[in-house]
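Each chain is listed here by its residues.
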Amino acid sequence: MTWKKLLIPLASVPVILLLAYGFRTDPKAIPSPLVQKLAPDFRLKAFDGGEVSLADLKGKPLVLNFWASWCYPACYEEAPLLEATWKRYKDQGLMMVGVDIQDKEANAREFLQRFGFTFPNAPDPGSKVSIDYGVYGVPETYFIDRQGRIAYKHVGALTPALMEAQVQSLLKGT
Amino acid sequence: MSRRRGRWASVRQAAWWLTLGVAVLLWWSAAPVRAATNFDLEDRVREIASELRCVVCQNLSVADSPSDLAKEMRNLVREQVQQGKNREEIQAYFVSRYGEYVLLSPPKRGFNLLVWGLPFLAIAVGGGAVYLVVRRWTEQAPAKRPAIDPAYAERVQRELKDRE
């Protein structure tokens with residue numbers, strides 16, 4: 001008869017374990033299979049008429065940011081940080097590229113002007129580059145090392161502390 | 001001379017019209033074939049897209065979602081189908097970008113087998129438990145008579161006696 005008394009507690013052990021595991025993971029955090037892999041190449045026509053491509057930036061650490069003018073407030077929150085980081089670190093060899101996704105050109109240009117972006121930004125026709133990078137939404141930021149590997153992917157607005165840590169680690173890498 | 005040249009011209013003109021007519025006829029008769037291949041392409045795109053998760057939606061496939069990203073993904077699927085890629089290759093591309101999460105049904109291997117197997121296991125175990133419990137109830141019901149409180153039995157007996 002004793003085993004019957006133990007049956008219910010015993011049966012609940014796996015359920016509790018499953019819940020303990022499930023509740024501790026962030027359901028919104030979906031790990032990107034691209035992290036630690038070579039970043040997919042891209043070639044885009046920038047808003048200023050120039051061309052930006054990953055191949056041309058080889059050997060330089062790169063902050064690749066996906067944004068949109070309709071992405072309020074997250075993209076508006078991190079925009080000043082992007083420009084400030086670019087200004088501070090471009091002389092140390094850091095590169096920064098912004099990719100504008102699913103946007104209207106006029107709105108995108110207004111966004112660029114509003115935050116005075118001086119690093120290259122380009123629209124992504126057909127969302128090809130976004131899909132190639134496994135972008136879910138905006139903003140998303142990829143930190144790509146000198147070897148062209150994606151060192152880190154951040155979903156959502158960047159914080160100064162995170163930006164600083166990631167950029168430092170990119171610049172340190174050989 | 002001039003009459004002969006005129007005849008030649010009319011023959012050439014007739015030949016030209018005939019060629020044009022045949023070409024138009026061929027083009028026209030091939031229309032259902034063209035439509036069919038196009039239809040097949042769209043069918044194929046829908047089939048593949050319906051197995052991909054629209055990553056910006058809640059429980060919608062790329063085929064069913066009206067979102068812009070899903071539309072671009074459908075275009076990409078169409079492009080890859082036209083390049084001659086098969087379903088597995090296209091799925092592999094999306095998995096390499098978004099992870100297995102992008103597949104609406106997890107592949108039947110490894111840890112995922114649990115997801116496919118557990119419901120059936122649960123039904124089997126639950127069904128077994130229900131069977132055992134029901135069998136016990138049906139066995140016990142006729143065998144056991146409800147116990148009568150001796151006090152009530154004594155009272156019934158007394159009242160019966162009083163009526164006599």
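Above this text sits the structure in question.
Calculation notes
Residues numbered from 1 in each chain as written. Chains lettered and ligands numbered in written order. Predicted model: local features only at pLDDT ≥ 70, side-chain atom pairs only at ≥ 80, totals over all residues. Helix = DSSP H or I, 4+ residues; strand = E, 2+ residues; numbered from the N terminus. Rg over C-alpha atoms; globule rule 2.2 N^0.38 Å. Buried ≥ 20, exposed ≤ 12 C-beta atoms within 10 Å, placed from the backbone. Contact = placed C-beta atoms within 7 Å. Nonpolar A, V, L, I, M, F, W, Y, C, P; charged D, E, K, R; others polar. Axes fitted to C-alpha atoms, helices over the stretch in contact; angles between N-to-C directions. Left-handed = near helix turned anticlockwise from the far one by under 90°. Pairing = 2+ DSSP bridges.

**Observations concerning the overall build of chain A**
Turning to step 1, where the next piece is worked out: Assigned secondary structure in chain A consists of 5 helices and 7 strands.
Turning to step 2, where the next piece is worked out: For chain A, the sequential pattern of α-helices and β-strands runs α-β-β-β-α-β-α-β-α-β-β-α.
Turning to step 3, where the next piece is worked out: For 174 residues, the compact-globule estimate of 2.2 N^0.38 gives 16 Å, and chain A exceeds it by more than 25% at 21 Å.
Turning to step 4, where the next piece is worked out: Overall size of chain A, expressed as C-alpha extent along the three principal axes, is 80 × 40 × 30 Å.

**With respect to the overall build of chain B**
Turning to step 1, where the next piece is worked out: Broken down by element type, chain B carries 6 helices and 0 strands.
Turning to step 2, where the next piece is worked out: Reading chain B from its N end, one meets helices and strands in the order α-α-α-α-α-α.
Turning to step 3, where the next piece is worked out: Considering chain B as a whole, with its 164 residues, one finds that 13% of them fall into the buried category.
Turning to step 4, where the next piece is worked out: Here the contacts in chain B between residues at least 6 apart in sequence split such that 42% fall between residues at least 24 apart.

**Structural notes on the interface of chain B and chain A**
Turning to step 1, where the next piece is worked out: The interface is formed by 13 residues belonging to chain B together with 13 residues belonging to chain A.
Turning to step 2, where the next piece is worked out: The set of elements that each furnish at least two residues to the side of chain B that touches chain A consists of helix H3 (68-82) and helix H4 (87-98) of chain B.
Turning to step 3, where the next piece is worked out: Top element by residues in the side of chain B that touches chain A is H3 of chain B. It accounts for 6 residues.
Turning to step 4, where the next piece is worked out: Class assignment for the residues of the side of chain B that touches chain A results in 7 nonpolar, 3 polar and 3 charged.

**Details of the packing of helix H2 (residues 74-89) of chain A against helix H5 (residues 160-172) of chain A**
Residues and elements named next belong to chain A.
Turning to step 1, where the next piece is worked out: Running from N to C, H2 and H5 cross one another at 35°; their axes reach a closest spacing of 11 Å. For the element pair H2 and H5, the recorded crossing hand is right-handed. Across the interface between the two elements, Leu81, Thr85 and Tyr89 from H2 touch Pro160, Met163 and Val167 from H5.
Turning to step 2, where the next piece is worked out: In terms of residue class, the contact of H2 with H5 is made up of 5 nonpolar, 1 polar and no charged.

**Structural notes on the environment of alanine 92 of chain B**
Residues and elements named next belong to chain B.
Turning to step 1, where the next piece is worked out: Position of alanine 92 relative to the elements: it lies in helix H4.
Turning to step 2, where the next piece is worked out: The class for alanine 92 is exposed, based on 12 C-beta atoms found within 10 Å.
Turning to step 3, where the next piece is worked out: Sequence separation between alanine 92 and leucine 103 is 11 residues; the distance between their C-alpha atoms is 9.8 Å.

**Describing unusual backbone geometry**
Turning to step 1, where the next piece is worked out: Omega for the peptide link from tyrosine 72 of chain A to proline 73 of chain A comes to 5°, which places this bond in the cis form.
Turning to step 2, where the next piece is worked out: Structurally, proline 73 of chain A is set in the loop between strand E3 (62-67) and H2.
Turning to step 3, where the next piece is worked out: The step from valine 138 of chain A to proline 139 of chain A runs through a cis peptide bond, and the omega angle for that step is -5°.
Turning to step 4, where the next piece is worked out: Mapped onto the secondary structure, proline 139 of chain A falls in the loop between helix H4 (128-132) and strand E6 (140-144).
Turning to step 5, where the next piece is worked out: Although it is not a glycine, glutamine 102 of chain A adopts a positive phi angle of roughly 45°.
Turning to step 6, where the next piece is worked out: Relative to the helices and strands, glutamine 102 of chain A resides in the loop between strand E4 (95-100) and helix H3 (105-115).
Turning to step 7, where the next piece is worked out: Among the residues examined, glutamine 102 of chain A registers 19 C-beta atoms within 10 Å and is labelled partly exposed.
Turning to step 8, where the next piece is worked out: With phi around 55°, asparagine 59 of chain B is a residue other than glycine that occupies positive phi space.

**A closer look at the environment of threonine 25 of chain A**
All names here are of chain A.
Turning to step 1, where the next piece is worked out: Along the chain, threonine 25 falls in the loop between helix H1 (2-24) and strand E1 (43-45).
Turning to step 2, where the next piece is worked out: A residue is classified by how many C-beta atoms lie within 10 Å of it, and threonine 25, with 8 of them, is exposed.
Turning to step 3, where the next piece is worked out: Linking threonine 25 and lysine 58, residues 33 residues apart in sequence, is a C-alpha distance of 36 Å.

**Re the sheet that holds E6 of chain A**
All names here are of chain A.
Turning to step 1, where the next piece is worked out: Across the sheet, 5 strands lie side by side as E5-E4-E3-E6-E7; this open sheet has mixed pairing. The open sheet has two free edges, formed respectively by strand E5 (121-123) and strand E7 (150-155), since each of these has just one partner strand. Pairwise comparison of adjacent strand axes, ignoring direction, gives a mean angle of 20° for this sheet.
Turning to step 2, where the next piece is worked out: Here E3 pairs with E6 via 5 bridges, running antiparallel. Counterpart to leucine 62 in the pairing with E6 is isoleucine 144.
Turning to step 3, where the next piece is worked out: Packed onto the sheet, H5 meets E3, E6 and E7 and runs at close to 170° relative to E7.

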